[in-house]
Amino acid sequence: MKHFLSFAKVFHFRRGKKCLLEKSSLVRFVNADYNSSMQSISEPVKTWFETDLNVSRETLDRLSLYADLVVKWQPRINIVGASTAEDVWARHLQDSAQLWPYLNEVVGSGKIVDFGSGAGFPAIVLAILGANDVTLMESNTKKTVFLLEAARVCGVLEQTKIARERIETAAPREADVITARAFAPLPRLLELGQRHLKPDGYYVLLKGRAFEDELAEARAAGWTFTVTTHASLVDPEGVVMILQGVDR
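Per chain, residues are indexed from 1 in the order of the written sequence. Only residues with pLDDT of at least 70 are given local features in this predicted model, and only at 80 or more are side-chain atom pairs given and counted; all residues enter the totals for whole chains, interfaces and linings. The side-chain figures draw on all heavy atoms in the structure; neither hydrogens nor water molecules are used.

Draft legend 1. Focus on helix α10 (residues 211-220). Along α10, the positions that sit buried rather than exposed are F211, E214, L215 and A218. All buried residues of α10 project into a common sector of 100° when viewed along the axis, lining one side. For α10, the exposed residues set more than 90 degrees away from the buried face come down to E212 and A220. It only takes one pair of heavy atoms within 4.5 Å for two residues to be counted as in contact. Under the DSSP-based scheme used, a helix requires at least four consecutive residues in state H or I and a strand at least two consecutive residues in state E, with every element numbered from the N terminus. Contact partners of the buried residues in α10: α9 (186-193), β5 (197-207), β6 (224-231) and β7 (239-247). Each residue gets one of three labels from its accessible area relative to the maximum for its type: buried under 20%, exposed over 50%, partly exposed in between, using a 1.4 Å probe on protein chains only. Throughout, the arc means the angular range of directions from the helix axis out to the C-beta atoms.

Draft legend 2. Structural view of the packing of aromatic side chains. Each pair of aromatic rings taken from Phe, Tyr and Trp, with Trp reduced to its six-membered ring, is defined by centres within 6.5 Å and is described as stacked if the planes are under 30 degrees apart, edge-to-face if over 60, and tilted in the remaining cases. According to the stated counting rule, one finds five aromatic pairs in the structure shown. Here the aromatic rings of W73 and F146 are separated by 5.1 Å at their centres, their planes lie at 65°, and the arrangement is edge-to-face. A residue pair is termed long-range when its members are at least 10 positions apart, and W73 in helix α4 (residues 57-77) and F146 in helix α8 (residues 141-153) qualify at 73 residues. Taken as a pair, W73 and F146 share a single burial class, namely buried.

Draft legend 3. Quick peek at the nonpolar core. By nonpolar core is meant a set of buried Ala, Val, Leu, Ile, Met, Phe, Trp, Tyr and Cys residues that side-chain atoms within 4.5 Å join together. With 52 residues, the main nonpolar core has F49, Y66, L93, F121 and F146 as its most contacted residues. Per-element tally for this core: the top contributor is α4, with eight residues. Beyond its immediate sequence surroundings of up to four residues, F49 is in contact with I41, N54, V55, L60, L63, W89, L93, Q94 and A97. Grouped together as the second largest cluster of nonpolar side chains are 25 residues, I178, Y203, L243 and V246 included.

Draft legend 4. Fine view of the pairing of strand β4 (residues 175-181). Within β4, seven of the seven residues are buried, which leaves the element mostly enclosed by the surrounding structure. Where strand β1 (residues 112-115) lies against β4, four bridges are found, and the strand directions are parallel. When the bridges of β4 are listed, I112 appears paired with V177. Pairing between strands is defined by DSSP: at least two bridges between the two strands are required. Of the strand pairs in this sheet, β4 and β5 are connected by six bridges, and their pairing is parallel. Considered in β5, the bridge of A175 is made with L197. The path from the first strand over the helix to the second decides the hand: if it runs clockwise while the strands point away from the viewer, the crossover is right-handed. Assessed by its sense of winding, the connection that carries the chain from β4 through α9 to β5 is right-handed.

Draft legend 5. The packing of helix α3 (residues 43-52) against helix α5 (residues 88-97), seen in detail. Axis definition: a line fit to C-alpha positions, over the contact stretch in the case of helices; interaxial angles, taken between N-to-C directions, run 0 to 180 degrees. Closest axis-to-axis distance for the α3/α5 pair is 11 Å, and the angle between their directions is 15°. By the angle class used here, α3 and α5 are roughly parallel. Here α3 and α5 pass one another in a crossing that is left-handed. Together, V45, W48 and F49 of α3 and W89, A90, L93, Q94 and A97 of α5 make up the contact between the two elements. These descriptions rest on fixed angle ranges, namely under 35 degrees for roughly parallel, over 145 for roughly antiparallel, 65 to 115 for roughly perpendicular, and the rest for oblique. Crossing handedness follows the turn of the near helix against the far one: under a right angle anticlockwise gives a left-handed crossing, and clockwise gives a right-handed one.

Draft legend 6. Representation of unusual backbone geometry. Across the junction of F121 and P122, the peptide omega takes the value 5°, indicating a cis bond. By the element assignment, P122 lies in the loop between β1 and α7 (123-129). Even without being a glycine, N54 presents a positive backbone phi close to 55°. Mapped onto the secondary structure, N54 falls in the loop between α3 and α4. Residue N54 is classed as exposed on the basis of its relative accessible area, which comes to 62%. At E174, a residue that is not glycine, the phi angle is positive and equals roughly 55°. Position of E174 among the secondary structure elements: in the loop between β3 (160-163) and β4. According to the relative accessible area criterion, E174 is partly exposed, its value standing at 45%.

Next comes the structure, spelled out in structure tokens:
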């Protein structure tokens, strides 16, 4: 817990006595034992991870720890939608993991920056799958505490950087890829990403049913880009959207 406690101490000094009480509650919570049987994985989803992504037993175990952690924290800080918390494996882990093959195609081992990481989807999942340099940008303090604990429990602290800051004011990140899930409409996302993405970088995004409208709005706002979409494995109306050559 060394990393978590040092973060909580900084939180206390910056925010005062009230935050000390919040910190103490969180510390008691994260010290609880983890039960890897909380969230069961369906056979089709398990087969997809093992066959399509070719993940190891160890990786599945780490993903299971993460799924359980999300469920344990959900009642305290509402990190995922209540209607999706009962099926974390399909609604969140598989949804995030479907980005992995596309990331390998466009960037390999480059730097990934995840906007509005929230509960860590897709960033923590990508780190568990093998991404070596992932920065999670999240301004909500309680969520960054969760992200730090998730990275520790899942064994990916060395591969991740938890940035508790606002994207608008953060120093440029020089990302090879920007990822985002349920974060912001495309025009706003591109505006925020302009300072943080390398000129030859990519956006690899999870978008819902309104993705065509968002593309039209981004072009109407003066953005130019090449776009490729792939049908989502989880959302029948959603896509994996890959943008390159983004400029305005």
